[in-house]
Amino acid sequence: MIQIRDLLKISFRELEINLFQELGKTYLEVLKNVLKALDELLMEERDKERYETRGIRSRQIETLFGTLEYKRRYTLMLRLEHMYVYWTRLWG
């Protein structure tokens, strides 16, 4: 009977560790794509009259599989100048 160790030239434990590391890399890449898709969805669905996109910044988060670096948009809540004018005219 052929032994895995003889065939692959590594032990089963080493094989398991290597597969786990590759799984972690794949997981981080999938998570990065999910976060990017959510960021794009939030940008499209935001109230454009209230929120303005101010650019993209890099972020890092710690996951079970390591550090994930990704980019996300930052938004700023706009002042409602017309509301100020409206209240000034109404009460002023």
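Since we're looking at a predicted model, the values are computed, not measured.

Within the protein chain one finds three helices and two strands. Buried residues in the protein chain amount to 10% of all 92 residues. Across the protein chain, contacts joining residues at least 24 apart in sequence account for 47% of those joining residues at least 6 apart. Summing over all exposed atoms, the protein chain offers an accessible surface of approximately 8,500 Å²; the carbon and sulfur share of this is 58%.

This brings us to the confidence of the model for the protein chain. Mean pLDDT for the protein chain: 83, with 83% of residues reaching 70 or above. Mean pLDDT per element in the protein chain: helix α3 (residues 81-91) is the minimum at 49, and helix α2 (residues 12-45) is the maximum at 93.

Side chains of Val 30, Val 34, Leu 38 and Leu 41 sit close together on the surface and give an oily, nonpolar patch of about 340 Å² of accessible area. Within the element layout of this structure, Leu 38 appears in helix α2. Its relative accessible area of 43% is what places Leu 38 among the partly exposed residues.

Reading the values: rules and limits
- Residues numbered from 1 in each chain as written.
- Predicted model: local features only at pLDDT ≥ 70, side-chain atom pairs only at ≥ 80, totals over all residues.
- Heavy atoms only, no water.
- Helix = DSSP H or I, 4+ residues; strand = E, 2+ residues; numbered from the N terminus.
- Buried < 20%, exposed > 50% of the residue type's maximum accessible area, 1.4 Å probe, protein only.
- Contact = heavy atoms within 4.5 Å.
- Areas by Shrake-Rupley, 256 points an atom, 1.4 Å probe, with all protein chains shown as cover.
- pLDDT = per-residue confidence, 0-100.
- Patch = residues over 30% accessible without salt bridge, like charges linked within 9 Å, V, L, I, M, F, W, Y side chains within 5 Å.
- Salt bridge = Lys/Arg side-chain N within 4 Å of Asp/Glu carboxyl O.

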